[in-house]
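Letter by letter, the chains look like this.
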Amino acid sequence: MKKLLSTLFLTFSFLGYFNYTFAQNPKAQLKGKITSEEGQPIAYASIAIMNTTSGIYADSTGNYSLLVPAEQSFVCIVQSVGYVPKKIPLTLKANEVRVLNIKLKVDPNSKLEEVTIKSNKLPSDQVSIFNIPPQAVKTLPTPFGDFNKILATLPGVVSNSELSSSYSVRGGNFDENLVYVNNIEVYRPFLIRAGQQEGLSFINPDLVEKVQFSAGGWQAQYGDKLSSALIIDYKKPKKWAGSASWGLLGGTAHLEGATNNKKFSFVAGVRHKNSQYLLNTLPTSGEYLPRFTDFQGLFRYQFSPNTSLEWLTAYAQNNYFVRPSARQTTFGTLDSPFRLLVAFDGQETMQYTLFQNALKLTHYFGKKLRTEWLVSGMNTREREFVEVEGGYRLCDIVPDPSNNTNRCVAERSIGTIYESARNRLQATIISAANRNSWNIDNNHLIEFGVRYNAENIQDVLDEYSFIDSSDFVTPTVAIDNDLSLVSHRVSGYLQHSFNIKDIHTINYGVRFGYWTVNQEFLVSPRLQYAFAPRWKRPTVFKASIGVYQQPPFYRELRDRQGNLNLNLKAQQSLHIIGGVESSFKVGDRNFKWTAEGYYKYIQNAVPYDIDNVRIRYFAENNATAFAAGLDVRISGEFIKGSESWFSLGIMNVREDLEGDNQGYIRRPTDQRVTFAAYFEDYLPNNPTFRAYINLIYGTGLPFGPPNNDEFRSALNGRAYRRLDVGFSKVISFDQIKLGSARILKSLWIGLEVLNILGVENTISYNWITDTNTRQYAIPNTLSTRFLNLRLIGNF
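Rules used throughout
- Residues numbered from 1 in each chain as written.
- Predicted model: local features only at pLDDT ≥ 70, side-chain atom pairs only at ≥ 80, totals over all residues.
- Heavy atoms only, no water.
- Helix = DSSP H or I, 4+ residues; strand = E, 2+ residues; numbered from the N terminus.
- Buried < 20%, exposed > 50% of the residue type's maximum accessible area, 1.4 Å probe, protein only.
- Contact = heavy atoms within 4.5 Å.
- Areas by Shrake-Rupley, 256 points an atom, 1.4 Å probe, with all protein chains shown as cover.
- Pairing = 2+ DSSP bridges.
- Patch = residues over 30% accessible without salt bridge, like charges linked within 9 Å, V, L, I, M, F, W, Y side chains within 5 Å.
- Salt bridge = Lys/Arg side-chain N within 4 Å of Asp/Glu carboxyl O.
- Axes fitted to C-alpha atoms, helices over the stretch in contact; angles between N-to-C directions.
- 1 Å grid on protein atoms, 1.4 Å probe; cavity = no way out; pocket = protein on both sides within 12 Å on 5 of 7 lines; lining within 4 Å.
- Points joined across faces, edges and corners; volume = space filled by probe spheres on them.
- Disulfide = S-S within 2.5 Å.
- Polar contact = N/O pair within 3.5 Å; in protein donor to acceptor, adjacent residues only side chain to side chain.
- Core = buried A, V, L, I, M, F, W, Y, C linked by side-chain atoms within 4.5 Å.
- Phe/Tyr/Trp six-rings, centres within 6.5 Å; stacked < 30°, edge-to-face > 60°.
- pLDDT = per-residue confidence, 0-100.

## Description of the overall build of the chain
Thinking step 1. Counting its regular elements, the chain contains five helices and 46 strands.
Thinking step 2. Counting only C-alpha atoms, the chain reaches 80 × 65 × 50 Å along its principal axes.
Thinking step 3. Split into buried and exposed, the 795 residues of the chain put 57% on the buried side.
Thinking step 4. Counting contacts in the chain only where the partners sit at least 6 residues apart, residues at least 24 apart contribute 66% of the total.
Thinking step 5. If you sum the accessible surface of the chain, you get close to 33,300 Å²; carbon and sulfur atoms cover 57% of it.

## Here we look at the sheet that holds strand β13 (residues 184-185)
Thinking step 1. With respect to topology, five strands assemble into an open sheet ordered β9-β14-β15-β12-β13, the strand pairing being mixed. Unpaired on one side and paired on the other, β9 (129-131) and β13 mark the two borders of the sheet.
Thinking step 2. Note: strand β12 (residues 177-181) against β13, two bridges, orientation antiparallel. Note that in β13 the partner of Tyr 180 across the bridge is Glu 185.

## Considering a nonpolar patch on the surface
Thinking step 1. Taken together, the side chains of Val 450, Tyr 452, Val 490, Phe 512, Tyr 514, Phe 521 and Val 523 present a nonpolar region at the surface, about 580 Å² in accessible area.
Thinking step 2. The residue Tyr 514 is located in strand β26 (residues 504-515) in this model.

## Details of the sheet that holds strand β2 (residues 46-49)
Thinking step 1. Ordered in space as β3-β2-β5-β6, the four strands form an open sheet in which the pairing is antiparallel. Edge positions in the sheet fall to β3 (55-57) and β6 (86-91), since each of these pairs with one other strand and no more. Taking each pair of neighbouring strands and ignoring which way they run, the sheet shows an average axis angle of 20°.

## Thoughts on empty space enclosed by the protein
Thinking step 1. Using the criterion set out here, one finds eleven cavities of 30 Å³ or more in the structure.
Thinking step 2. The computed volume of the second largest cavity comes to approximately 320 Å³.
Thinking step 3. Around the second largest cavity sit 23 residues that line it, and Phe 144, Gly 145, Ser 245, Thr 252 and Arg 790 are the ones nearest its centre.
Thinking step 4. At the level of elements, α3 (134-139), β16 (241-247), β17 (250-258), β18 (264-273) and β46 (786-794) are the ones that each hand at least two residues to the lining of the second largest cavity.
Thinking step 5. If one sorts the elements of the lining of the second largest cavity by residue count, β16 sits on top with four residues.

## Brief notes about the state of the cysteines
Thinking step 1. This model, assessed by the stated rule, comprises one disulfide.
Thinking step 2. For Cys 395, the disulfide goes to Cys 408, at an S-S distance of 2.0 Å. Residue Cys 395 is located in strand β22 (residues 369-400), and its partner Cys 408 is located in strand β23 (residues 405-441); the two are separated by 13 residues in the primary sequence.
Thinking step 3. Judged by its relative accessible area of 0%, Cys 395 falls in the buried class.

## Quick word on the side chain of Thr 139
Thinking step 1. Mapped onto the elements, Thr 139 comes out in helix α3.
Thinking step 2. Residue class for Thr 139 comes out buried when judged on its relative accessible area of 16%.
Thinking step 3. Engagement of the side chain of Thr 139 in a polar contact is seen with the side chain of Tyr 678, the distance being 2.9 Å.
Thinking step 4. Aside from chain neighbours lying at most four places away, what touches Thr 139 is Tyr 678, Tyr 692, Trp 748 and Arg 790.

## Thoughts on the side chain of Ser 644
Thinking step 1. By the element assignment, Ser 644 lies in strand β34 (residues 642-657).
Thinking step 2. Looking at Ser 644, its side chain comes within polar contact range of the main-chain nitrogen of Glu 680, at 2.9 Å.
Thinking step 3. Apart from the residues within four sequence positions on either side, Ser 644 is in contact with Ile 634, Ser 635, Gly 636, Phe 638, Tyr 678, Phe 679 and Glu 680.

## Quick notes on the pattern of salt bridges
Thinking step 1. Within the structure shown, the criterion is met by 36 salt bridges.
Thinking step 2. Each of the salt bridges in this network shares a partner with another, and the network as a whole consists of Arg 560, Asp 609, Glu 655, Arg 667, Asp 709 and Arg 712.

## Comments concerning the nonpolar core
Thinking step 1. Counting residues in hydrophobic clusters, the biggest one holds 48 residues, and the most contacted among them are Leu 163, Phe 190, Leu 425 and Tyr 554.
Thinking step 2. If near-sequence neighbours (up to four positions away) are discounted, Phe 190 is found in contact with Thr 380, Glu 382, Leu 425, Ala 427, Ile 457, Phe 553, Tyr 554 and Arg 555.

## Description of the packing of aromatic side chains
Thinking step 1. Applying the stated rule across the entire model yields 30 aromatic pairs.
Thinking step 2. Ring centres of Tyr 180 and Tyr 222 lie 5.6 Å apart, and the angle between their planes is 50°; on these two criteria the pair is classed as tilted. Residue Tyr 180 is found in strand β12, and its partner Tyr 222 is found in the loop between β14 (208-214) and β15 (228-234); the two are separated by 42 residues along the sequence.
Thinking step 3. Residue classification places Tyr 222 among the buried residues on the basis of a relative accessible area of 10%.
Thinking step 4. With a centroid separation of 6.3 Å and 25° between ring planes, the pair formed by Phe 264 and Phe 266 is classed as stacked.

## Re the pairing of strand β40 (residues 720-732)
Thinking step 1. A large share of β40 lies buried, amounting to eleven of its 13 residues.
Thinking step 2. Sheet topology note: the strand β37 (residues 686-698)/β40 ladder contains ten bridges and is antiparallel. Its bridge partner lying in β40, Gly 698 is registered against Tyr 720.
Thinking step 3. The sheet contact formed by β40 and strand β43 (residues 746-754) spans eight bridges and is antiparallel. Considered in β43, the bridge of Lys 729 is made with Ile 749.

## Comments concerning the environment of Leu 522
Thinking step 1. With respect to the helices and strands, the residue Leu 522 is situated in strand β27 (residues 520-531).
Thinking step 2. As for Leu 522 and Phe 512, which are separated by ten residues in sequence, their C-alpha atoms are 5.3 Å apart.
Thinking step 3. If near-sequence neighbours (up to four positions away) are discounted, Leu 522 is found in contact with Arg 511, Phe 512, Gly 513, Gln 549, Pro 551 and Ala 570.

## Notes on the pairing of β16
Thinking step 1. Pairing analysis gives seven bridges linking β16 to β17, with the strands arranged antiparallel. By the bridge assignment, Trp 246 is partnered in β17 with Gly 251.
Thinking step 2. In textbook terms, the turn of a hairpin is the stretch between consecutive antiparallel strands, and for β16 and β17 this stretch comprises two residues.
Thinking step 3. Sheet topology places β16 next to β46; five bridges connect them, and they run antiparallel. What sits directly across from Ser 243, in β46, is Asn 794.

## Details of the confidence of the model for the chain
Thinking step 1. The predicted model of the chain has a mean per-residue pLDDT of 86, with 91% of residues at 70 or higher.
Thinking step 2. In the model, residues 7-24 has pLDDT below 50 throughout and makes 19 contacts with residues more than four positions away in sequence or in other chains.
Thinking step 3. Low pLDDT, under 50, characterises residues 110-124; the stretch is placed with 38 contacts to residues that sit more than four places away or in other chains.

## Some words on unusual backbone geometry
Thinking step 1. For Asp 502, which is not glycine, the phi dihedral falls at a positive 55°.
Thinking step 2. Relative to the elements of secondary structure, Asp 502 occurs in the loop between β25 (472-500) and β26.
Thinking step 3. Backbone geometry places Asn 755, a non-glycine residue, at a positive phi of 50°.
Thinking step 4. Within the secondary structure, Asn 755 sits in the loop between β43 and β44 (762-769).

## Details of the environment of Gly 793
Thinking step 1. Following the sequence through the fold, Gly 793 ends up in strand β46.
Thinking step 2. Since its relative accessible area comes to 10%, Gly 793 is described here as buried.
Thinking step 3. Residues Gly 793 and Gly 587, 206 residues apart in the sequence, show an inter-C-alpha distance of 36 Å.
Thinking step 4. Among all residues touching Gly 793, those that are not within four sequence positions of it are Gly 242, Ser 243, Ala 244, Leu 744, Ser 746 and Leu 747.

## Some points on the environment of Ile 414
Thinking step 1. Position of Ile 414 relative to the elements: it lies in strand β23.
Thinking step 2. Looking at Ile 414, the relative accessible area reads 49%, which means it is partly exposed.

Right, dumping it as structure tokens:
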């Protein structure tokens, strides 16, 4: 702690020197409302000071508040998708508060954006939809800058490992989440069993323009999963720009631009992750060599005002290697403490290579009808090689005052743990789809589409493990299978949205689907309703009811013994959601709070257990389940000119297995209470100095002995507690130029103290049996405190 405080003192002294050297002029405030020419609020429009990194997004009602330099001339640029950007030259006096209401013109050359705006006339009227400011993803203090970590700050979302990009929503699991990029569905790897083996999530934050996240009750146009839908729009740049970043755990670079005639535009980025330094803080010491690199690009060509073509390409390469050497874990209670000592021999390798490509052709028939044709393909090749043997010793410990340590006084068990795996998987998914949007008039919108998938999965499983403990050997896993699955899917949707006097908004629709393996035809009706009374304080009451059915994918078909159940049926869930969203002001600061209650009843549920991030399915429709809870979130300008939010989730998730005679028990994702906060602050006289807080708390998850259905979820794990703190300084460069162009616009310098409290959070458990056949759950903990430095240059 003394070293940490010394480091922080030196860092702040250095930043203080920067603050003195690059001191800014006194500040002023600019606030107002951004609307269309017809006076309609433009939600989440951006307003920024040109040639700097200072800028914010308006709220859902178009209101904004921005700190600007005083006593000097500058130019504000206001932008929103589908509108002509507006540049406004300004000069404000020190401490002046100026009200500036801004009207934007619809861009006549942006037909795509025009229809998109009409189809989401009231975006906040959709149930369980959260709009996430893209800039918050870059400043959130996290180890790797992974996009999915911003989701963990939302109510109902659970992510209990800083090493993993996986998340669960309202009691679901990691495989129940939809992810779309520009209406193209993306996938995650199959064989990952531990968070430290993962690369980064598919979403590249440098390329993101708009983020919407639905925690349930989404419309029929989105696919067949049970828990959530993440809808991402990548940028459509109109000028050249780029960025590069570096940190102790990796780096990124991106470039975007457009030709002079605006017909061709692109955005592309590369990311590299190296978690070696962070993995060295894990309880298992050894040689860690993790490497992840990916490239993504979105290229767009506008053939005519009515026709455009987009190409999305992605490549990811992940190599994880570890040669463990030793581990020491102390656990138990104050009255009965224990210690596990393990010496390892062997190594573990996890590799995967993922390609994904997609083409999207968009055409407008007049101003009413838009149609999209999409063709995409995904191929992943994954390999897992494990050959590790560990000799362990479990003993009782007592304090040793002479050297302020604990020493072993009695041995409980001595034995050997052996794990071997040689698994290979190759999957190819080809998809073709058509999506259509028909604006009948300003109040009615019809959307419909159809999709075809061809899937080919080859899986070779060869793994076994055992524990040689107290004179007897207990096999834990023994699988030797060569599996193959070729299948075809067809799905589609039809929905109608309309509003009545801008007070009542109704969306109703239906999805259908068919899978050739189990020959099951699915029909899923859905209904959403929103009521927005004309109150002084903008308020929307929401309700949703619908059927959500998830046909089995490959992971659900494979049971714990490595066999495929081709007769497995779709899991069926009924979502019932009700909530309210209200915007309000405290002085001149904007706030919004949302509250939603939900109930999900699941039939034909497929039970599963979770070990770290690996899901082991029972591959049987032999359970019913439910999830009920309440999500609350408040966001706004707790500090003037910056957006922060606090989220609270309370839920109860249970399932009842047929024939176990135990009734309803907790599901593996039943985290009763979660609390998350993202908070941003800055120095009042110099907002280029900022501080960020990322706080997550979640009560313990249930767990039990492996392969023992009688005691599934019988125990309660430790609570997850994590506090990450970041500090940053932005330096603007006005003098460094190459000809008439600036080489570097700004430099963002960030210092992050990750897991500042040093909490040893538990992700999973190993089980050891002593000479008296008593079993002990040995916690596997995550990373400890880590100091990270990041630099981001914008040009």
